[in-house]
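# Overview (structure and organization)
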2 protein chains.
Amino acid sequence: MITSPHNPRVKGVVRLRKRRHRDDTGTFIVEGRREATRAVAAGVDIATLFLQTGEIPPAGIDADIVDVSPAVFAKMSARQGPDGVLAVARTWDLGLDRIKTTTGALVLVAAGIEKPGNLGAMLRTADAAGVDAVVLADPVCDPFGPNVVRASQGSLFSVPLGAGSAAEVLAWLDRADLEVFTTSPTAETAYWEHDYSEGAAFVIGPEDVGLSGLWFESGTPVRIPMAGEADSLNASVAAGIVLFEAVAARSR
Amino acid sequence: MITSPHNPRVKGVVRLRKRRHRDDTGTFIVEGRREATRAVAAGVDIATLFLQTGEIPPAGIDADIVDVSPAVFAKMSARQGPDGVLAVARTWDLGLDRIKTTTGALVLVAAGIEKPGNLGAMLRTADAAGVDAVVLADPVCDPFGPNVVRASQGSLFSVPLGAGSAAEVLAWLDRADLEVFTTSPTAETAYWEHDYSEGAAFVIGPEDVGLSGLWFESGTPVRIPMAGEADSLNASVAAGIVLFEAVAARSR
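Calculation notes
Residues numbered from 1 in each chain as written. Chains lettered and ligands numbered in written order. Predicted model: local features only at pLDDT ≥ 70, side-chain atom pairs only at ≥ 80, totals over all residues. Heavy atoms only, no water. Least-squares fit on C-alpha atoms with pLDDT ≥ 70 in both. Salt bridge = Lys/Arg side-chain N within 4 Å of Asp/Glu carboxyl O. Helix = DSSP H or I, 4+ residues; strand = E, 2+ residues; numbered from the N terminus. Buried < 20%, exposed > 50% of the residue type's maximum accessible area, 1.4 Å probe, protein only. Pairing = 2+ DSSP bridges. Core = buried A, V, L, I, M, F, W, Y, C linked by side-chain atoms within 4.5 Å. Contact = heavy atoms within 4.5 Å. Arc of directions from axis to C-beta. Buried area = accessible area lost by both parts, 1.4 Å probe. Polar contact = N/O pair within 3.5 Å; in protein donor to acceptor, adjacent residues only side chain to side chain. Nonpolar A, V, L, I, M, F, W, Y, C, P; charged D, E, K, R; others polar. Domains from an automatic or database assignment.

## As for the relation of the copies chain A and chain B
Rotating chain A by 180° and moving it 0.0 Å along the rotation axis overlays it on chain B with an RMSD of 0.0 Å. When the rotation and shift are considered jointly, the pair of chain copies conforms to a two-fold rotation axis.

This is the structure we're talking about:
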């Protein structure tokens, strides 16, 4: 059992809050019993499971298990209400070639999203809509960051996820033969004027600055018509509106 | 100019982070230039405007203006990146009798929402959908709390807002002659199987525990069909999906 907060393994976990250390080690933090359980169920490779004294491991976990004192766990935890379970998991390859789609697939392209909480919420929403994949184009924030893990509520582990530059993603969408719809507040047609029953890839950009020009050369612009004083919809809300329109179109 | 963090007016602002002090004084905090500007534009009554030295007041503001030193502003601010503008505004009456609806109105009922960030995001989403009103049923969190103000991005000021017990809200909905749809993961029919072109009131409950039984005795249950591993959709995403279905139905 580790009882010293100065233990090198404890310091190693704390360092994983920084992207550079995640990139260097190919590992990331999955904090929380529910999150660790979902990671295991989704087949994520767990390197080490840290348990606060007295906690039992989530079912089915195959990992090096390390007991730690409450003080040590408190140092490793980045949560407001820690539950005594924290896994260090191995990241995986996000290469687009690994993402297979079929005819009529539904895909969410998250383009240039900056806020980890927004990216996590988009993953959760896309998961609920039953997408075939989420693709990160020109990713700004690291999908393996702790705030993405938390906001995705485990969907990070279960949704097929790829990443690449905008040009790479466009080439992949072309090979997958998917019609691309770019959401934009200045598009002439409303999103409900199109038929998505044959599948679609929806491109959602950051709330403040919107999408870069490359997307508009390659996709059909669609607008979510907005009333009121708010500048824009939250990116995960916008994703939910267009993705569920496609879900409804397939069902109708 | 106030230069002492111990000044009673400074302490009074800090106390407004607590609900009890907001209730006692009938005032609340609107921090940020953008937020204060939106409050003024929406006709919110500003009691005092605190400006960090060198900041100019938002246009059109009619309030007691107090300059404060950077150290004093830092004490009053609850933000990560303060911009030197903080207003103390007067709350207003949320009585349901003040909320007028017309035939075919679109209303969001936020029932028992606990997280201020979720309530703020629901207000922002409802505003973008152009609802006639947002009604809080059995409100748990204070709509005048600082995290609601922030997450709503100013929609708190512009959306007609009422509040009451579930029974009071149901009586109001009945008088308004609005058809009530209660979102539930166990409902038999999907939300897209109904026609909302004649108006609707959508009831959304907290993500974890869902809606209380009273709602199901009085409304038509509808389901947002969910795939994947995530337990549920975020409340503001669920609100966006059903509200924009009604917006689309009116337009189609």
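## Digging into the pattern of salt bridges
Any two side chains of opposite charge can pair, so long as their charged atoms come close to each other. Counting across every chain of the model gives 20 salt bridges over all chains. Salt-bridge contacts for Asp23 of chain A lead to Arg19 of chain A; the nearest nitrogen and oxygen are separated by 3.6 Å. Of the two residues, Asp23 of chain A and Arg19 of chain A both sit in helix 2 (residues 19-25), four residues apart, roughly one turn of that helix. Among the ionic pairs, Glu245 of chain B bridges to Arg252 of chain A, the shortest N-O distance being 2.9 Å. Here Arg252 of chain A lies in the segment after helix 10 (235-251) and Glu245 of chain B lies in helix 10 (residues 235-251), a pairing that spans two chains.

## Some words on the pairing of strand 1 (residues 27-31) of chain A
All names here are of chain A. When you tally the buried positions in strand 1, you get five out of five residues, the bulk of the element. Side chains Thr27, Ile29 and Glu31 of strand 1 all project onto a buried face; the interleaved residues Phe28 and Val30 project onto the opposite face, where all are buried too. When strand 1 meets strand 4 (residues 85-90), the two strands line up antiparallel, connected through five bridges. Of the residues in strand 4, the one forming a bridge with Val30 is Ala87.

## Focus on the nonpolar core
Within the largest apolar cluster, 114 residues are counted, with the highest numbers of intra-cluster contacts made by Tyr191 of chain A together with Tyr191 of chain B. If near-sequence neighbours (up to four positions away) are discounted, Tyr191 of chain B is found in contact with Phe244 and Ala248 of chain A together with Tyr196, Val222, Arg223, Ile224, Pro225, Ile241, Val242 and Glu245 of chain B.

## Topic: helix 8 (residues 166-175) of chain A
All names here are of chain A. Buried within helix 8 we find Ala166, Val169, Leu170, Trp172 and Leu173. The arc enclosing the buried residues of helix 8, seen along the axis, measures out at 160°, which places them on a common side. In helix 8, the exposed positions that point more than 90 degrees away from the buried face belong to Ala167, Asp174 and Arg175. Positive phi shows up at Asp177, right after helix 8, with a value of about 60°.

## Details of the interface of chain A and chain B
The interface is formed by 34 residues belonging to chain A together with 34 residues belonging to chain B. Here chain A packs against chain B, burying approximately 2700 Å² in sum over the two surfaces, 55% of which is carbon and sulfur. Across the contact surface, chain A and chain B share two salt bridges. Here chain A is connected to chain B by seven residue pairs in polar contact (both at pLDDT 80 or more). Elements supplying a minimum of two residues to the side of chain A that touches chain B: helix 3 (33-41), helix 5 (116-128), helix 7 (155-158) and helix 10 of chain A. Within the side of chain A that touches chain B, the residues separate by chemical class into 15 nonpolar, ten polar and nine charged.

## Some words on the side chain of Thr48 of chain A
All names here are of chain A. Turning to its location among the elements, Thr48 is positioned in strand 2 (residues 46-52). With relative accessibility at 10%, the residue Thr48 sits in the buried group. Apart from the residues lying within four places of it in its own chain, the contact partners of Thr48 are Arg9, Ala63, Asp64, Val66, Leu86, Ala87 and Val88.

## A short note on the domain arrangement of chain A
Residue and element names in this part refer to chain A. On domain assignment, one finds that chain A holds domain 1 (8-90) and domain 2 (96-251). For domain 1 and domain 2, the distance between their C-alpha centres works out to 30 Å. Counting residues at the interface gives 13 residues for domain 1 and 13 residues for domain 2. Both faces considered, domain 1 and domain 2 share a buried interface measuring about 1100 Å² in area, 58% of it formed by carbon and sulfur atoms. Among the residues of domain 1 in contact with domain 2, Arg19, Arg22 and Phe28 are the three that bury the most area, contributing 37% of the side total. The interface formed by domain 1 and domain 2 holds one salt bridge in total. Where domain 1 touches domain 2, the interface holds four residue pairs in polar contact (both at pLDDT 80 or more). Elements represented by at least two residues in the side of domain 1 that touches domain 2 include exactly helix 2, strand 1 and helix 3. The dominant element in the side of domain 1 that touches domain 2, judged by the number of residues it contributes, is helix 3, at four residues. Among the residues forming the side of domain 1 that touches domain 2, the class breakdown is seven nonpolar, no polar and six charged.

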